[in-house]
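Per-entry structural report
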Amino acid sequence: MKQYFRRLRSSAFARFALSYVLILAIVLACMFAYIFFYVEREVKENTLNSHVNRLSRIAYQHEDYLTTILNSAVQMGLSPDIQPFEFDQSPQKAYELLQQMAPYAVTNSFCDQMFLCFAGDDYLYSPSSSLPLEMFLNLVRYEHVSPEELQAMIRAPGAMTLLPAQRVESTLIDGNATDMVTILAPLGASAASSKGTMIFMLGEHVYRTMFADAIEDINNTYIIHNGKVLISSTDLDVPQEVILSNLSAGSAYHSDAITWNGEKWYLLNLPSSTWDLNYVTLLRASAIIQSTRRSMVSATLLVAGIGIVGLLVALLLARRNARPIREIASMLPCKEGVMDEFSSIQTGIRELSARNTDLITRLERSLPMQRHDFVVQFMKGRYQAREDVVAAAAALGMSIDRPYYAIILHGMQTQGDNQPFDLRKPPFDGIPGTAAFGVELMAIKAHLYLVFSDTREAIVRLAEVIHQQSTERYGHAVVALSDVQTDFADAPSAYLEAATAFDNRFVMDDSQLLSYASISTSIEDILPQARRLTDAIDQALSLRDHARLSGRIDDLLNFLRHTNMSAFAFRLIYNDAIDKLLRRHAVTYASGQSVMAYYDIFTLSSCQSIDDLDQLLRRLCASIIDAPVADATALVAEETPSVISQVADYMRVHFADPELSISAIAEAFEMPTARLSLAFKDEMHMSPLEYLTLLRVERSKELLAATEMSIKEIAAEVGYYDASSFIRRFKQMTGATPLQYRRSKEESNDAHADS
Amino acid sequence: MRQMKRLFKASVLLLCCLLLASCAPQKAQENTPVTLTALQYELENQVINFSDMWFYDQLEDETNVHVDFVDVKDADWVTRISLMFASRNYTDMILRGSLDTEEYGVAQHLLVPLDEYLEEHMPNYFERLSATPVGSMIPSSDGNSYYIGFLLSQNITTDGHFFINRSWLDKLNLSVPTTIDELTEVLRAFRDGDPNGNGLKDEIPYQATFDDNNTGIYNVFSAWGIPMNIDYVFIHDDGSIHFAPEEDGFRQGVEWLHLLCREKLLDMACITQGSNLWGAKVNEGTAGYFSYWRLSNTVLPAELAAQFECMLPVAAQGYPARLTRLSDVVEFGASLTVQNKNIPASLRWLDAQMDTETMLVSQNGPMGDMLSLNDDGRYEVVYVPETNELYSIVPVICGQFFAPAEYYERVYVPAPHREEKTRYSKMYDAADVLEKESYRTLTYAMPMTSSESARLLQLHTQLKTAIDRALVDFMTNGVTDESYAAFEQSLKDIGSEEYKAIYQAAYDRYLTRQEVAAQ
């Protein structure tokens, strides 16, 4: 049993049920209290009030009738058209009188009979007939008034007289016999000046209608005049004398409790303010008590009914509310010894909360990593559709669904803080409509910012702000910007554009923003001029003219400084220039040993900027111009084709083979791959792969310019399995996509044709 | 879920029922219960709720038509009709009483023209209507019938007949007078001969009321060939409309009345007394001569009634006796308002009351206790309640009834008191003392336009006042050339010619229509 109660106490259902039932019990208790304390009094008051209202209505209607009757009598008495006459003398006037009385008959239509009798005349007149007074007295028989008394009242009109209701028999009256209240009024303003008497007879039905109402209580209603009951409506068998003897005086409504026949009664008395009338209702007290009890029982049953329904609803609600709690409790890890479902939930939630906090922390920590992955995946073009990109970004809290985007590369500093800028904070957040995400690219020692924006200008502006901030903070900045893109599928291209621009930091003015858009797209536009300037240096060398040489070197360097070219183009140009100068002048001058030092791969690879080239070129030229003429044979011997040259030749023949790889070449020449690469790079100053790419790109350029083959066909023709790899390599190498290259060539051709 | 299934099943079942109901034949629709509202005319002395009446419960069982009655007393009837149409809140039907079909049907189009429905939906009524010429009274001025007629034809041709105290005549050894002079002498003998034998000179030879054709002094003018009635116009034998006070014998009639008053041969109180007082006075046994509807089953006790006998109207020298004639007139039975959306059902309910047995039950009470079918196939009254008890059982004259004379005679054996009245009527008809065509043709048979009716009402009120005042004056003070000339002039000034002309025009239209119908 103890365990049962313990289980019950720990049940969510029991708790809910108990709570609801408790609330219900309080409400019901209040209702019961109200019933017991107020209903009894209110029912009694309402019952008495309804009877008083009824009495008031009866009084109003009855006195309205009396007033109408009195006014009719006064008006007829004062009317000049109604003058006394004797029928026998002036029967014609009787006819006229009937016409005069007709309107009053309408006014007093509630009366069953209306008669006029002039003083001194023996006739009575109604609106429709006339009859002798004697005949009237014979034909109209009152139950309690003798003909003589009636005649006396008619003959000697005093004040208004009300004869209590009594049976009146007459053939003149419809139905022959009925209860009537008779009112005799002087015909004129007063008894003294009256011309006769008016007789108004009101049938019992008039009062029956008056007494009729919706109150169903059994009661007696009396209209009392001058200490006598004028008319009554009786349901209760109580003698009139009891009423009259217990009627207390007073000018305003009052109710008296009287006792008769051992029973308690309520006597409601409403005295008239204008007439000597009392309107009285007799009620059985027990009826009111019974009515009160009925009301209380009804109210109690109603409340009990509400209580039962409420209890069922409470249990239903408790069950409904407890069920999910029980289910939740069962889902949560329940610790042993915890019996209470709420405690179980509490403990479970705490545990889950702790786990969740841990999870959130871990998730938050991994968020930058995920964002980094996203940016990398985005740049690799791994998403199939724009919606996928947006959804993936949104999952990481990145809002990228904007029309424009670009990639900014910001070179890392060698010293100090190498964290990428937080573009969500000032001053970067002042550029509206942009969302940027930064990652570190350790391979190229740069921070990459993937910028999404509503406008192109905002992206450029952000890149400029990064450049400005970097300059201010570190005194130097390398910031490269790709073209502004719209299609997310072009993300790899955008990266290559940014990387190309970033690579040009050595050959371009990196005090400004390195924008891919400003890089020259074709080496062919630069190389002829560079060769002409190299030829000028060659001539100066041949003439051994120092001044001229310096000027020609300046010319070349100035040209290069003012030409936006890719690093690759820069390398080809200076390689071409060095190669040309050495081949020409190493044979001529016997300084080959020192001059050839410039063919050292490390020397050449250290030339990464125009300033480096300036120094290298001037040292080389100085070596050549100052060196004695040497034996050319040494160099000739050097020109014997090496294995690398054979490899290069092999590659020139087979570059279109997509199966051609460095490992395949190494195998063909029976050399380890690594050794081949090193030897190749030593001799050719570029890796075998770069050489292969160069061959393929150069061939593709020819095909692009000379044929109408598609990009895909050309890619296959020059040894690429898929067009996208070709496009990326082509752009990396030339700074332009194949299509852009083809268009530029077409425009160039058109220009030549026009000229 | 289970409850939902139950609900769904119930809905499907209900839908099927509704579909079946909609596919049911037309007959089923006729039996569809219908509830109608009706404004029901009620006599002043009736205290019956028509909705609770046994007769209508049975009718509802028979027709499947339930009627919610709005009972309206006679005194309120016209007002209630006006209010109802003014308020635009009509009941479906209007039953009995009277109705200005010219105004509400022709002018305001608030009543349903019924002609096209009668043959199909009221076969009982249609058959009887087609078989009687009085049916031509029903169509309004636009030719449409806006109401179902009420016709109770009992071969009664006269309102008040003349009765003379036979025992007094015998006592005084007098014969029934046939001329105005003989009547004067008889009345004088009654006054002076103490025929009631009480030793008092309390006899009132001629007891009358004033302005009616039952007990009123209007009947006096029949002696001078004037069928004086409450409308003061009558149709002369030559088809022209005559205005009674302008007739040659009218002055002589007035002068004779003055003679009666002067010589106390007539109760002077006749100018003011009503029918109740008249009855009370006659019952005192002081009257020797009067006009009245009949003797049995009236206010007169049987022993008193037995003293009297019916006599033909007397005639003045040079004049034929001409008393007003009652004719079968079709009264207002029922109308349907335009609000009624169940016209066939309404007419079916009305026609069910026209079934012979149902109709006679509605007049006389239920079969068995109060009505029976005798061996010759006619219905016969078994018991007539003395008081108004009958009205609490059946609608009597407040119900629907259409019985032309020939048909009524074929199916119904009249009660003895009604036979008495028929006997007197035949007696007067045979003696040719009645006007040829009843003045009631002018008021019941002839459709008047609304403006004509309004003008006639206006003129009638003024003319009646002038005539009645003059009568009282002449009876009291006598007649002089000047006073009579002034009287005649006053009638002309009021518009007696116009009054007569309106009736003449309407009567001419009526005759033309009758001719067209005959062709």
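Cut-offs applied
Residues numbered from 1 in each chain as written. Chains lettered and ligands numbered in written order. Predicted model: local features only at pLDDT ≥ 70, side-chain atom pairs only at ≥ 80, totals over all residues. Helix = DSSP H or I, 4+ residues; strand = E, 2+ residues; numbered from the N terminus. Buried ≥ 20, exposed ≤ 12 C-beta atoms within 10 Å, placed from the backbone. Contact = placed C-beta atoms within 7 Å. Pairing = 2+ DSSP bridges. Axes fitted to C-alpha atoms, helices over the stretch in contact; angles between N-to-C directions. Nonpolar A, V, L, I, M, F, W, Y, C, P; charged D, E, K, R; others polar. pLDDT = per-residue confidence, 0-100. Parallel < 35°, antiparallel > 145°, perpendicular 65-115°, else oblique. Left-handed = near helix turned anticlockwise from the far one by under 90°.

1. Side note on the overall build of chain B
- Across its full length, chain B holds 20 helices and 15 strands.
- The buried share of chain B, reckoned over its 519 residues, is 42%.

2. Some words on the overall build of chain A
- Counting its regular elements, chain A contains 26 helices and 17 strands.
- Looking at the 755 residues of chain A, the share that counts as buried comes to 32%.
- Counting contacts in chain A only where the partners sit at least 6 residues apart, residues at least 24 apart contribute 62% of the total.

3. Some remarks on the sheet that holds strand S8 (residues 219-225) of chain A
Residues and elements named next belong to chain A.
- As summarised here, the arrangement of the five strands in space is S9-S8-S12-S11-S10, forming an open sheet in which the pairing is antiparallel. With one partner strand each, in any of the chains shown, strand S9 (228-234) and strand S10 (254-260) form the two edges of the open sheet. In this sheet, adjacent strand axes meet at a mean angle of 25 degrees when their direction is disregarded.
- Summarising the sheet, S10 and strand S11 (residues 263-271) pair through seven bridges and their orientation is antiparallel.

4. A look at the interface of chain B and chain A
- The interface of chain B with chain A comprises 13 residues on the first partner and 13 residues on the second.
- For the side of chain B that touches chain A, the secondary-structure elements that each account for two or more residues are helix H11 (275-283) and helix H18 (450-477) of chain B.
- In terms of residue class, the side of chain B that touches chain A is built from six nonpolar, six polar and one charged.

5. Overview of the sheet that holds strand S6 (residues 204-206) of chain B
Residue and element names in this part refer to chain B.
- Spatially, four strands are ordered S6-S9-S5-S10 in an open sheet, and the strand pairing comes out mixed. Looking at which strands have only one partner, the edges of the open sheet turn out to be S6 and strand S10 (308-311). With strand direction ignored, the average angle separating the axes of adjacent strands in the sheet is 30 degrees.

6. Digging into the environment of Asp 682 of chain A
- Position of Asp 682 of chain A relative to the elements: it lies in helix H22 (residues 673-684).
- For the pair Asp 682 of chain A and Ile 644 of chain A, spaced 38 residues apart in sequence, the C-alpha separation works out to 9.4 Å.

7. A word on the pairing of strand S12 (residues 277-284) of chain A
Residue and element names in this part refer to chain A.
- Of all eight residues in S12, seven are buried, a share of seventy percent or more.
- Pairing geometry for S8 and S12, over seven bridges, is antiparallel. Looking across to S12, one finds that Tyr 222 is bridged to Val 280.
- As defined by bridge partners, S11 adjoins S12 across seven bridges and the pair is classed as antiparallel. Opposite Asn 269, over in S12, you have Val 280 as the bridge partner.
- Counting the residues between successive antiparallel strands, the hairpin from S11 to S12 contains five residues.

8. Comments concerning the environment of Ser 566 of chain A
Residues and elements named next belong to chain A.
- Following the sequence through the fold, Ser 566 ends up in the loop between helix H14 (546-561) and helix H15 (567-588).
- Classification of Ser 566 by C-beta neighbours within 10 Å gives buried; the count is 26.
- C-alpha of Ser 566 to C-alpha of Gln 732: the two residues are 166 residues apart in sequence and 9.2 Å apart in space.

9. With respect to the confidence of the model for chain B
Residues and elements named next belong to chain B.
- Of the residues in chain B, 92% reach a pLDDT of 70 or more, and the chain-wide mean stands at 88.
- Of the regions scoring below 50 in pLDDT, residues 1-5 engages in zero contacts with residues more than four places distant in sequence or in other chains.
- For residues 10-29, every residue scores under 50 in pLDDT, and the model assigns this stretch zero contacts once sequence neighbours within four places are set aside.

10. Overview of helix H14 (residues 356-364) of chain B
Residues and elements named next belong to chain B.
- Buried within H14 are the following residues: Met 359, Leu 360, Val 361, Ser 362 and Asn 364.
- Next to the buried residues of H14 lie helix H3 (54-63), strand S12 (371-373), strand S13 (379-381) and strand S15 (412-413).
- One or two residues past the end of H14 sits Gly 365, with phi positive at roughly 110 degrees.

11. Topic: the confidence of the model for chain A
- Within chain A, residue pLDDT values average 81, and 88% of them lie at 70 or more.
- Counted against residues more than four places away or in other chains, residues 630-640 of chain A, with its pLDDT under 50, gives ten contacts.

12. As for the packing of H3 of chain B against helix H13 (residues 343-352) of chain B
All names here are of chain B.
- Following both chains from N to C, one finds H3 and H13 inclined at 125 degrees, their axes separated by 10 Å at the closest point. Here H3 lies oblique to H13, going by the angle between them. The element H3 and its partner H13 pack so that their crossing is right-handed. In this structure, H3 uses Leu 59, Glu 62 and Thr 63 to contact H13, whose residues at the interface are Arg 348, Trp 349 and Ala 352.
- Its residues assigned to classes, the contact of H3 with H13 comprises three nonpolar, one polar and two charged.

13. Remarks on the packing of helix H12 (residues 491-503) of chain A against helix H25 (residues 723-734) of chain A
Residue and element names in this part refer to chain A.
- Across the interface, H12 lies against H25 with an axial gap of 10 Å and an inter-helix angle of 20 degrees. Accordingly, the angle class assigned to the pair H12 and H25 is roughly parallel. Our pair here, H12 against H25, has a crossing hand that is right-handed. Along its contact with H12, which presents Pro 492, Ser 493, Leu 496 and Thr 500, the element H25 presents Arg 728, Lys 731 and Gln 732.
- In terms of residue class, the contact of H12 with H25 is built from two nonpolar, three polar and two charged.

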